[in-house]
Amino acid sequence: MRDFFFSNWSRPLRRHLVGPLEIRLLRAEDLDALVTFASERLVVSASFLRRQLRERWGLEPTERRGAAAGALDSKGRLHGFAWVDSYRQEGLPLDGVWVRSLVVAPQARRMGVATQLLECLLEESHRQGEPSVQADVDEDNAASLKTFEGLGFRLATEALTRRTNEAWDAAGRSKRLVVLERASAP
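Residues numbered from 1 in each chain as written. Predicted model: local features only at pLDDT ≥ 70, side-chain atom pairs only at ≥ 80, totals over all residues. Heavy atoms only, no water.

Trainee: Would you mind showing me how to read the packing of aromatic side chains here?
Mentor: To describe a pair of aromatic rings, you give the distance between the ring centres and the angle between the ring planes. The tally for this structure, following the rule as stated, stands at 3 aromatic pairs. Ring plane angle 85° and centroid distance 5.4 Å describe the contact between Y87 and W168, whose orientation is recorded as edge-to-face. Here Y87, found in the loop between β3 (78–85) and β4 (97–104), pairs with W168, found in helix α7 (residues 158–170); they are 81 residues apart in sequence, far enough to count as distant. The same class applies to Y87 as to W168, namely buried. Members of the aromatic cluster, joined through ring pairs, are Y87, W98 and W168. (Phe/Tyr/Trp six-rings, centres within 6.5 Å; stacked < 30°, edge-to-face > 60°. Helix = DSSP H or I, 4+ residues; strand = E, 2+ residues; numbered from the N terminus. Buried < 20%, exposed > 50% of the residue type's maximum accessible area, 1.4 Å probe, protein only.)

Trainee: Got a minute to help me understand the nonpolar core in this structure?
Mentor: Side chains that are nonpolar tend, in soluble globular proteins, to be buried together. With 27 residues, the main nonpolar core has V99, V113, L121, V133, F148, F153 and L180 as its most contacted residues. Where this core is concerned, the elements lending two or more residues are β2 (67–72), β3, β4, α5 (113–127), β5 (132–138), α6 (142–150) and β7 (177–183). Counting residues per element, this core draws most heavily on α5, at 7 residues. Ignoring sequence-local partners within four residues, the contact set of F153 consists of L122, V133, Q134, A135, F148, L180, E181 and R182. Grouped together as the second largest cluster of nonpolar side chains are 19 residues, F48, L53, L78 and A105 included. (Core = buried A, V, L, I, M, F, W, Y, C linked by side-chain atoms within 4.5 Å. Contact = heavy atoms within 4.5 Å.)

Trainee: Looking at this structure, how should I read the pattern of salt bridges?
Mentor: A pair can form between side chains of opposite charge whenever their charged atoms are brought close. Enumeration over the complete set of coordinates arrives at 8 salt bridges. Of the charged contacts in the structure, one is a salt bridge between R24 and E22, with a shortest N-O distance of 3.5 Å. Judged by its relative accessible area of 44%, E22 is partly exposed. The salt bridge partner of D138 is K175, with a shortest N-O separation of 3.9 Å. (Salt bridge = Lys/Arg side-chain N within 4 Å of Asp/Glu carboxyl O.)

Trainee: Looking at this model, I keep getting lost on the environment of L180. Mind explaining?
Mentor: Tracing the sequence through the fold places L180 in strand β7. Note: C-alpha distance between L180 and L155 (25 residues apart in sequence) is 4.5 Å. Other than its neighbours up to four places away in sequence, L180 contacts V133, Q134, A135, V137, L145, F148, F153, R154, L155 and A156.

In structure tokens form, the structure reads like this:
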């Protein structure tokens, strides 16, 4: 039953139940929806996201560094979330902006939400003057890899892939990552 509910066959029913979703950059007034979504779906702490939204992503667009995007329903509930930012703020020796998280609630999967979230973040990264965006994806996450590749992300150089995996290994993560990159310009 669970496989049916989250399959392509159930997409029309799920679209009806979820309703239309607005994909946009998150703002300070989205904090409650973000904290609720984070408590249900993310491994990142709500306090970290609260600080990020207030200090980095929610500022005036001319001052913003990094960005967060959400898929919000008509009641303001998040059904998808993604953000780009630097890993330097956590002390990882990786330059540039990275897709730091991409999560879509099960009921909204296979409805183009992940692609739209990434497109929104790529556009904002370009607006902020970032020449490229990187992503690190668990090598066994076929759905995410397909989504990124569909948006024109390509395998990063072996040197960047090695540096990224070494940085994460030193931080305590043991799963191998595939590193992808693409120009932020459309």
